[in-house]
Amino acid sequence: MTLQQRRLQTDTGPLPAHPAQPAGDVVKFNLTSELARYLPETIAIFNGAMECVSIVPTQKSPMEWLNRSVGDLFTPTNAVVAAIQQAQGGATVDIDCQRVGAATWYALSFAPLPNGMVIVSAREVTERKQREDAVARSQQELTHTLTTHSNAAREAGEQLALKVKELERRSREIGLMSEMVSLLQACVDVKEAYQLLSRYMSKLFPSSSGMIAIIRESRNVAEVEVSWGAGPEFNTPVFAPNDCWSLRSGRAHNSIEMPICSHLSGTTDLGEGCWCIPMLAQGETLGVVNVRLITKLDEAQRQLLTAVTEQIALALANLKLRKALNELSIRDSLTGLFNRRYMEESIGRELARAKRSGERVGFLMIDTDFFKKFNDTYGHEIGDAVLRELGGLFKTNLREHDIPCRYAGDEWLMILVGKEINLEVAQRRAEELCILATRIRVQSGSQLVGQITLSIGVATFPDHGEDKDSLLRAADRALYKAKDAGRNQVMVAVPEKLALMEAATARLEMAATDDVSEETVAA
């Protein structure tokens, strides 16, 4: 027995079975008025046409329900209709519905009765529904707030992740730049620096291609010395400084947003950003760094490019200054040849290398014939001019890896190195220098000075000695032989032991000559 059926019990016994009734008849219940007035719920009966045909009179009974269909009483109507249909099928159904045209809510319980009738227990739940609605609204607001905060937190997290990624990138870039600068400071010449720059520029700007052009000493031409990336080749590896807007203005120049530089006019693909940054250091413009990128430079990358360019310019300027200072320390200021200090260092280095490799080293000891005559006749200015001309002759006619040195005053030493060097080659080189020296012309005003000639002594390692002193003595002895023989010629040294024997023989011959002379005088 359902709850509604139990509540329909009367004080005289159970409800009688409902016989079939004609439409419109009201089912009457034997229920005491005293019990009915305390029922917390409204009890109503709906027929198969879904009209309210009976209602138990209580203090809360809405009597206006009588003879009205569910569509006039409750909303949503379709939910009430479905519940009645399920109850007519024998099911018990509970739903919440709102009174049509009012703010009142009811909890409806549907239970089946015979003949397609349905008994309905209706309890007013407006306050509960209001509380539930308030809770639902609070939950909705809370969900909205949580969603808003969650979205804000997600966005903040994404921003933080981007910042962390950016910081990691900047840290990597700063580390690479610091490493590059440290290695540049350790380079001994610009060739090493150029190799490093090619590698590190591609690391610092991985999505780029570019070049570094250096302005030559003449200041009228710039030449590409470093390039990197997979971009198109530069059509103008040598160009005039005025062809670059950045070199003209002394500021960074973007050939995408501004007029294109002439030295890039033949380049087919400039990317999304093509920047030229002038290299300025110690009050001098050294060249230009050009970077072409597939994406536009942001402010941080532009600052990085500027900082990298400044460091490159400073490093190259330091290398240039270091080279100049080194040249001053190892070069003779008048002739441009290596000085005596560098000569002695080179002899030791080349002899050690030759001992390891089994090669020979040639030494040409050279004296300028009658040089004192030039100074006495024409003055020291002409004497200096003769020395400068000879210095240019030696630099021009020796190989790049040979070492021409000014030994002292008007004396010179040429150190010949390489696999092809032997005594015959060294002698031939000396003879060539003798011939070329006679072709030098030096003027004193409108008058040509006398012909310049050389006397040369030739010695080679290890034929004439194993160390510096013995080799220089051998070359010097050969030089004096050339001078004693009439100058303007080449003499080859003899081994030191043989030279000692020759000297001893000469002394014996001299002593014998002296003895004969004394005997002749005595006679």
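Whatever comes next refers back to the structure up there.
Residues numbered from 1 in each chain as written. Predicted model: local features only at pLDDT ≥ 70, side-chain atom pairs only at ≥ 80, totals over all residues. Heavy atoms only, no water.

Draft legend 1. Spatial organisation of the environment of Tyr194. Structurally, Tyr194 is set in helix H6 (residues 190–204). Relative accessible area serves as the criterion here: at 13%, Tyr194 is assigned to the buried category. As for Tyr194 and Val226, which are separated by 32 residues in sequence, their C-alpha atoms are 5.8 Å apart. Sequence-distant contacts of Tyr194, defined by excluding residues within four places in its chain, comprise Ile214, Glu225, Val226 and Leu316. (Helix = DSSP H or I, 4+ residues; strand = E, 2+ residues; numbered from the N terminus. Buried < 20%, exposed > 50% of the residue type's maximum accessible area, 1.4 Å probe, protein only. Contact = heavy atoms within 4.5 Å.)

Draft legend 2. Representation of the packing of aromatic side chains. By the definition in use, this model includes six aromatic pairs. Arranged with centres 5.4 Å apart and planes meeting at 80°, the rings of Trp65 and Tyr106 form a pair that is edge-to-face. Note that Trp65 is positioned in the loop between strand E2 (52–55) and helix H3 (70–73) and Tyr106 in strand E5 (residues 105–112), a separation of 41 residues in sequence. Just as Trp65 is buried, Tyr106 falls in that class too. Seen in terms of ring centroids, Phe74 and Tyr106 are 6.3 Å apart; in terms of plane orientation they differ by 80°. Their pairing is edge-to-face. Taken together, the positions of Phe74 in strand E3 (residues 74–75) and Tyr106 in strand E5 put the pair 32 residues apart, joining distant regions of the chain. Each member of the pair, Phe74 as well as Tyr106, carries the same accessibility label: buried. Linked through ring pairs, Trp65, Phe74 and Tyr106 together constitute an aromatic cluster. Seen from the ring of Trp245, Arg248 lies directly overhead, with NZ or CZ sitting 4.4 Å from the centre. (Phe/Tyr/Trp six-rings, centres within 6.5 Å; stacked < 30°, edge-to-face > 60°. Lys NZ or Arg CZ within 6 Å of the ring centre and 35° of its normal.)

Draft legend 3. Quick peek at the packing of helix H5 (residues 126–186) against helix H8 (residues 299–330). Where H5 meets H8, the axes come as close as 10 Å, and the angle between the chain directions of the two elements is 5°. Considering their axes alone, H5 and H8 lie roughly parallel with respect to each other. Here Glu166, Arg169, Arg170, Glu173, Met177, Met180, Val181, Leu184 and Gln185 of H5 come into contact with H8, specifically with Ala300, Gln301, Leu304, Ala307, Val308, Gln311, Ile312, Ala315 and Arg322. In terms of residue class, the contact of H5 with H8 is built from ten nonpolar, three polar and five charged. (Axes fitted to C-alpha atoms, helices over the stretch in contact; angles between N-to-C directions. Parallel < 35°, antiparallel > 145°, perpendicular 65-115°, else oblique. Nonpolar A, V, L, I, M, F, W, Y, C, P; charged D, E, K, R; others polar.)

Draft legend 4. A look at the environment of Asp402. Here Asp402 is to be found in the loop between helix H11 (380–397) and strand E14 (403–408). For the pair Asp402 and Val417, spaced 15 residues apart in sequence, the C-alpha separation works out to 5.8 Å. Sequence-distant contacts of Asp402, that is, excluding residues within four places in its chain, are made with Ile415, Leu416, Val417 and Arg429. For Asp402, the side chain forms a polar contact with the side chain of Arg399, separated by 2.6 Å. Here Val417 takes part through its backbone nitrogen, which lies 3.2 Å from a polar atom of the side chain of Asp402. (Polar contact = N/O pair within 3.5 Å; in protein donor to acceptor, adjacent residues only side chain to side chain.)

Draft legend 5. Main features of helix H4 (residues 77–88). Taking 1.5 Å per residue, twelve residues should reach 16 Å; H4 reaches 16 Å between its end C-alpha atoms and fits that length. Those residues of H4 that fall on the buried side of the exposure criterion are Val80, Ala83, Ile84 and Ala87. Along the axis of H4, the buried positions cluster into a sector of 100°, meaning they face one direction only. Looking at the buried side of H4, the elements it contacts are H3, E3, strand E4 (93–99), E5 and strand E6 (118–124). Residue Gly90 follows H4 closely and has a positive phi angle near 105°. (Expected span 1.5 Å × (residues − 1). Arc of directions from axis to C-beta.)

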